[in-house]
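Here's the letter readout for the chains.
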Amino acid sequence: MYPGEFDYHRAESVEHALELLADLDDAELLSGGHSLLPTMKTGLADPDAVVDIGHIDAMTGIDHSGDTTTIGANTTYAEIADDDTLWDSVTVLAEAAGEIGDVQVRNAGTIGGNIAHADPASDLPAAALAADATLVAHGPDGEREIDVDDYFIAMYMTDLAEDELLTRVEVPHQGPEVGSAYVKKPSPSSGYALIGVAATLYTDGGTVASARVAANGAMDHGVRLTAVEDALEGMSVDDVGDAGEHAGDSLDTSMFMDDIQASAEFRAQLLEAYTERALERAADRVGVAATV
Amino acid sequence: MAEHDITLTVNGNEQELTVESRTLLVHALRDELGYTGPNVGCESSMCGACTVHVDGKAVKSCTMLAVQADGTDVTTVEGLDQDGEFHPIQEAFQEEHGLQCGYCTPGMMMTAVDFLDDHDDPGREEIREALEGNLCRCTGYQNIVNAVETASNKMGGSGAAAGGDD
Amino acid sequence: MEFEGTFTIEEVSPEEVWLSLSDPYMIKQSLPGCQFLTEVEDPDDVDFEELREAEPDEDPPLLPEADPDEVAARGFDEGSHYAALLELKVGAVKPSFRTVVTIDEWDHPVGSASGEGDASGSSFEMDSGMELSETDEGVAIAWHAEADVFGRIAQMGQRVINPVADRVVSRFFSNIEDQLTEVAEEDESSGLRDRIKGMF
Amino acid sequence: MSIETEDPSEIDPAEILGSAIERREDPALITGDAEYTDDIQIPRMTHMAVKRSQHAHARIEDVDTSEAEAMDGVVDVFTAEDIDVPGSLPVGWLLETLEQVDHPILAGEKVRYQGDGVAIVVAEDRYTAQDALDAIDVEYERLDAVTDPSDALNGGPEIHDDAADNVAFEWEIGNADETEEAFEEAAHTVDLEVENQLLIPNAMEPRAAVADYNPSDNQIDLAMTTQNPHVHRLLMAGVIDHPENKLSIRAPDVGGGFGSKIHHYADEALTAWAAKQVERPVKWVATRSETYQTDALGRGHETHGQVAMDEDGNITGLKVDTKANLGAYLSTFAPSIPTYLYGTLLSGQYEIPAIHCEVTGAFTNVPPVDAYRGAGRPEASYIVERLVKHAAEHMDMDPAEFRRQNFVPGDAFPYETPVAMVYDSGDYEKTLDRALEMLDYEEFRERQEAAREEGRYLGVGFSAYIEACGIAPSELVGQLGAQAGLWESSLVRFQPSGTVTAYLGTSGHGQGHDTTYSQILASELGLDIEDIDIVEGDTDEIPQGMGTYGSRSAAVGGSALVQSARKVVEKAKKIAAHQLEASEDDIEFEDGEFRVAGAPDRSMHIQDVAGAAYLAHDMPDDVEPGLEASSFYDPENFVFPFGMHAAIVEVDPDTGEIDFETYVAVDDVGNQINPKIVEGQIHGGVAQGVGQALYEGAEYDENGQLLTGSMQDYTVPKAMHVPEMETDSTVTESPHNPLGVKGVGEAGTIAAPQAIVNAVVDALEPFGVENIEMPLKEERVWRAIHENGGDA
């Protein structure tokens, strides 16, 4: 099927994009296009206008200065997954980006498009939560920082306002005693996560001091697994897999995603198994990055 | 209905054309410019038969607006052979029977070329992962994997190994 | 698809809940994306554009501001038909559901309605019902709905339907709850409860 | 491990039969030069799109096309009312009890599956055509729908007025009394209920058609995605009431078929009809969503199977009761698939004294169900091999040895089964032994034991399959209900300068016919392959043909080619004898050369004979000029490829994940013309079998809405889903055709599913799991473990 008719506008700058958004009725933003165009081709989405922000240079690229990595919203998954420095500094994000879709999707799809779209079965929501990201949005009133914990609200619903544009993502660097990982059970057909679990373990002398653990695919938006995080505190890094059994404890399991791909009950089972795997992989990486 | 005058450099030839906002790159290439190598196999961005290179990177031309690609360099399967000589990937697909009906083959090869540009001597599992976005219903993939391996040998380390996916 | 649940609202009487849930304006304001909910004579001949044009800019007041008798007068009657336009936004997907609903049963404390509609190359049919009961804390609304979706949304949007439907339902009840909380607060001072009770 | 290819130009014609040469068709396919139907552009071409029912079952109350007709760029809109031709799709295989129902090309009164066509739009471009579909307003009165055959038969909503209880047919084969007796006398019996789920074929190229109509000579030229252009022409001539000799059908490059491009659908006929109405070229290309909604589905069986055995585990009887889903209408060959292509294969590789099979065909509200790669034979092989696994377990016997004990012995061929087949040749122990060797079976059982101790679950599964290809002969299939003969035709024509063109009635779509047929002809005529051209898939060029399906092309088409080639040689021999001034009886033909016996320097190459034949200055008295011959080859029997496939898997009981350790395929497809092509067919077939076993399945909701309506939801296996395969073969020639070939196109698909399911069930034996329905989605595997308590 083919998209319905619309007017295409190419934004030259962030300001230009905001102007277009303000002026146009029923406009959608287009970055890599891998969320919007497939939906338009099914006929489910049929906007009057499309604002292409994919050519705004100021929103592209990865910058590792100080103790934070800043990733422009237009940066493709491939650029993120291929960034060696990011693999050391924020492993979970690089790993999640490399798990998205396929080579062609990763060459075109962007981090900003993904996080703004907020598909609960995509891979970046959990990774952004586990990486403690800050999302920077531009709106008519200027720039605003959103803590990732306040960002994901529901399926395709975020804290971003209609007139706002996500311009970059900021992630703090892992310290030397930190290990992080993202593992997923993809749908064999779509490649989206039936369950994806991202984990960052902050350790101190072989013990978990704190953790950020989050999941995609379980609920209608990316969620922190706070019961797992609590259980991990004080645990030896050798035993972290045991905390996987708490994966569902902090979630309302009656609200688990439930469709032909996987029932809620099976998702709960996968969530435990994949949380265990994510924690163990993250634990294996503690201290590794520091030596690279 | 909004129309746009765009320029695409396809296989080295600069081409000017007028497209609707909604014209997909694959239809601009096939219906407007006559590059029928990239095929349309689905509309869900899953099959990869339409894969071309845009500015050197493999993308699905059914999931990109033609107007989005304005000003880019596009390579289709028609641009793989040079001076009448097959590209190593083409030779390898023929040698290994890496195709049967051939419908997925142009996209499959374009993905493989992009992959081999960045990966020296990949393992079979790695090749299978790299071809995730290209569906083939005929070959069972085994001879495709063989072909990519063979092409890698033919290309003999021309690509620099990329880091990233440790 | 079947949905069901029980929703509890504290410190209100069944009569207040019933009257509120009988009020088309209350339903309209509580239902996410509802542009209008208008009684129509012939369910087979509805001009949605005309109804949208005719919809006044401002709704009349709801309980507790509204006069209970007026609310009762405009409340649902068994056998009546309503046209509704629901505009939802699910990411870039913004379906506009044109719906005609028939009130099949409306007799305190039991009500049921059924309807059908279409949107985005798709159509749907719906049967729903509720029953109120008094509890120690307030009122429990046991509700159930069965919805069938056909066409493009069923085929392409299958993964999304359940979570979105869950969300619409939960927002609907939470809006009702907010409104009835106001009714409960009003009761403290005005004796509204007794007045409403007297109507049944 | 994999077969190395050779450059055909370096191979002597005497060696070419059996050589793994590179494919001749590939240069066009790897450069983008190939021409698929959607690549065709014709000046003034319009685009057609089909308005499809969103309901699976509904009465049509009104179709309002006015808004669509008024749109810019819309050329015309048509509904059922406009169809002025018979417009009803025919059934090509009849059964005695078959309830034939009307199958209109556009639904007028009632739609019976989601995707049934209601109207068509012809527009200036494809985007506008689709826009116009959205502007067509159809009012429906929705009716209850049913998608499951048992539900349909047991009080389901009536789908056709003429088909009471939705019964399309009732059919049986074998001997009921003898089978009953075998069960009464049995020392052991086992039984199993299995489903063989509905599959969506998913050829990578969606169906498409381009029609060009010339009013001045009433000629329709139709290019379309077809596996059998002549059959389509014959049927379509009736459907659109157009003279057969004024309808040309051509198959350009076709991007896979797997059966889905055999059948006569509405859309291609509508394209041709519409071109006639608008007097402009019309192109129709299915979107993938449309192929999901309208391509004929495969399989769809619910089966109860039972096995009777004596005290030693010898199978004494087999009883099968199947409810077959036929979908909303009878597709072209639908009645033959769950009957003659299924029930007749239920003896498998085994000597079973008594078999009885009953099949009830049911109408349901899913798209029509017809042949999909394997067509009936995978369903038969699945129930037989699942039952055998189950029986061996019941007898506490090794599944490989249980099979060996029950095999038809090697000296019993030709072997007549109780279900009307005469197996041509076979040696089943040979493929079993080779497979066991490749698996290192004894060692595996030890490893399996050790792994279980560690809480790891490995399993091995076998599939001893047999299939019947090259369905024939025509007289027999006619008695069974086929409305066509199943011969194949060929024409071999020398040009005066010595090149040759061969025309075949088969129609390849990825199988490498160009290469295979060239090898046959090069070998027969002693020519370099460069001098040979193969033409297929065009009713204008090829006199007649039946097409490519059922793994018939090598056995039937190849034999037709050999027959024509030999006729050419016969004629050439006469001319050569005359030219060489020798008696015809003294002429020998070898490697392209006619030689006078005993005088080796007196010789003439067949290419020079061709020159002489067309020059015709000096011909023998009773010989006409020219050098060509045609033939219609009608086989005397089916051919019966067989083999043993086996898988070793490991199952993770926590997640239900299945990992392949090994997949082994030992096939006997008779002589191999090009072993690399044979290997490729096995690979591809197995991949589709893996798809059925683990991933694929059309799912509908209770209203008949397709839930797996795109590649996002229906898993077409990806490269990483398909195991590395280790293939080998044995060769048991078929005595029934001059090439000794059997057929390979479907073998892998027939063999693979039960090898994999048996392996998973074997792995989960400690959990007491006896059966899991395909596809073995991880959730199902996990539930099967879980529902048995989850304890090993």
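Each value, and the rule that gives it
- Residues numbered from 1 in each chain as written.
- Chains lettered and ligands numbered in written order.
- Predicted model: local features only at pLDDT ≥ 70, side-chain atom pairs only at ≥ 80, totals over all residues.
- Heavy atoms only, no water.
- Contact = heavy atoms within 4.5 Å.
- Buried area = accessible area lost by both parts, 1.4 Å probe.
- Salt bridge = Lys/Arg side-chain N within 4 Å of Asp/Glu carboxyl O.
- Polar contact = N/O pair within 3.5 Å; in protein donor to acceptor, adjacent residues only side chain to side chain.
- Helix = DSSP H or I, 4+ residues; strand = E, 2+ residues; numbered from the N terminus.
- Buried < 20%, exposed > 50% of the residue type's maximum accessible area, 1.4 Å probe, protein only.
- Pairing = 2+ DSSP bridges.
- Axes fitted to C-alpha atoms, helices over the stretch in contact; angles between N-to-C directions.

Visitor: Mind showing me how you'd approach the arrangement of the chains here?
Guide: Looking at the five pairs of chains with contacts, the pair that accumulates the most is chains B and D. Across the gap from chain B to chain C, with no contact made, the nearest C-alpha atoms are 10 Å apart.

Visitor: Help me understand the interface of chain D and chain C, please; the structure alone is not making it clear to me.
Guide: Size of an interface: often given as the accessible area lost when the parts come together. Taken together, the contacts link 15 residues of chain D with 14 residues of chain C. Interface area for chain D against chain C, summed over the two sides, is near 1,100 Å², with a carbon-plus-sulfur share of 37%. There are two salt bridges connecting chain D and chain C. The salt bridge involving D:Arg142 is made with C:Glu125; its shortest N-O contact spans 2.5 Å. Where chain D packs against chain C, one counts seven residue pairs in polar contact (both at pLDDT 80 or more).

Visitor: Whenever I open this one, the side chain of D:Thr749 confuses me. Can you help?
Guide: Residue and element names in this part refer to chain D. For Thr749, the position within the fold is in helix α19 (residues 747–763). The exposure class of Thr749 is buried, given its relative accessible area of 1%. A distance of 3.1 Å separates a polar side-chain atom of Thr749 from the backbone oxygen of Gly685. Apart from residues no more than four positions distant in its own chain, Thr749 is found in contact with Arg299, Arg373, Pro378, Gly685, Val686, Gln688 and Gly689.

Visitor: Hey, could you run me through the interface of chain B and chain D in this one?
Guide: In this assembly, 48 residues from chain B lie in contact with 60 residues from chain D. In this assembly, chain B packs against chain D so that about 4,700 Å² is buried in total across both faces, 51% of it on carbon and sulfur atoms. A per-residue breakdown of the area chain B buries against chain D is headed by B:His97, B:Arg137 and B:Gln142, which together make up 18% of the total. At the junction of chain B with chain D, the criterion picks out seven salt bridges. Measuring nitrogen to oxygen at the nearest pair gives 3.5 Å for the salt bridge that ties D:Asp38 to B:Arg30. Looking at the side of chain B that touches chain D, the elements with two or more residues in it are α1 (25–32), α2 (88–95), α3 (105–118), α4 (124–130) and α5 (142–155) of chain B.

Visitor: When you look at the pairing of strand β5 (residues 110–119) of chain C in this model, what are you seeing that I'm missing?
Guide: Looking along a regular strand, one sees the side chains alternate between the two faces of the sheet. Residue and element names in this part refer to chain C. Most of β5 sits out of view: seven of its 10 residues are buried. Here strand β4 (residues 96–107) pairs with β5 via nine bridges, running antiparallel. Bridging from a neighbouring strand, Ile103 pairs with Ala113 of β5. Counting the residues that bridge the hairpin from β4 to β5 gives two residues. Relative to strand β6 (residues 122–134), β5 runs antiparallel, the two sharing 10 bridges. Bridge assignment links Ser114 to a residue of β6, and that residue is Asp127. Following β5, the chain reverses through two residues before pairing antiparallel with β6; Ser120 in that reversal takes a positive phi of roughly 45 degrees.

Visitor: Help me understand the sheet that holds strand β20 (residues 500–504) of chain D, please; the structure alone is not making it clear to me.
Guide: All names here are of chain D. The strand order across the open sheet formed by four strands is β21-β20-β19-β25, and the pairing between neighbours is mixed. Looking along the sheet, the strands with just one partner apiece sit at the ends: β21 (532–536) and β25 (628–633). Along the sheet, successive strands turn relative to each other by an average axial angle of 15 degrees, direction set aside. Relative to β20, strand β19 (residues 488–494) runs antiparallel, the two sharing five bridges. Bridge pairing links Leu491 to Tyr503 in β20. Where helix α15 (residues 513–525) meets the sheet, its contacts fall on β19, β20 and β21, and the angle it forms with β21 comes to roughly 130 degrees. Helix α16 (residues 553–579) contacts β19, β20 and β25 of the sheet and is inclined by roughly 145 degrees relative to β25.

Visitor: What should I look at first to understand the environment of D:Thr364 in this one?
Guide: All names here are of chain D. Along the chain, Thr364 turns up in the loop between β15 (354–363) and α10 (377–394). Residue class for Thr364 comes out buried when judged on its relative accessible area of 0%. As for Thr364 and His57, which are separated by 307 residues in sequence, their C-alpha atoms are 9.5 Å apart. Apart from the residues lying within four places of it in its own chain, the contact partners of Thr364 are Arg112, Val146, Thr147, Asp148, Pro149, Ala152, Ile159, Asn325, Gly327 and Ala328. In terms of polar contacts, Thr364 uses its side chain to reach the side chain of Asn325, at 2.6 Å.

Visitor: Before we go on, may I ask you to explain the sheet that holds strand β5 (residues 117–123) of chain D in this structure?
Guide: The strands making up a sheet are joined through hydrogen bonds of the backbone, oriented either antiparallel or parallel. All names here are of chain D. A sheet is described by the order of its strands in space; here seven strands give the open sequence β3-β5-β1-β12-β9-β10-β11, paired in mixed fashion. Where the open sheet ends on each side, the last strands, each with one partner, are β3 (74–79) and β11 (247–250). Strand after strand, the sheet turns through a mean of 20 degrees between neighbouring axes, direction not considered. Here five bridges tie β3 to β5, and the two strands are oriented antiparallel to one another. Directly across from Val77, in β5, lies its bridge partner Val121.

Visitor: Looking at this structure, how should I read the pairing of strand β13 (residues 207–216) of chain A?
Guide: Residues and elements named next belong to chain A. Taking burial as the measure, the 10 residues of β13 include seven buried ones, the bulk of the element. In sequence, strand β12 (residues 193–204) turns back onto β13 through a hairpin of two residues, with Gly205 there showing a positive phi of about 55 degrees. Note that β13 and strand β14 (residues 223–224) share two bridges and pair antiparallel. Bridge pairing links Ala214 to Arg224 in β14.

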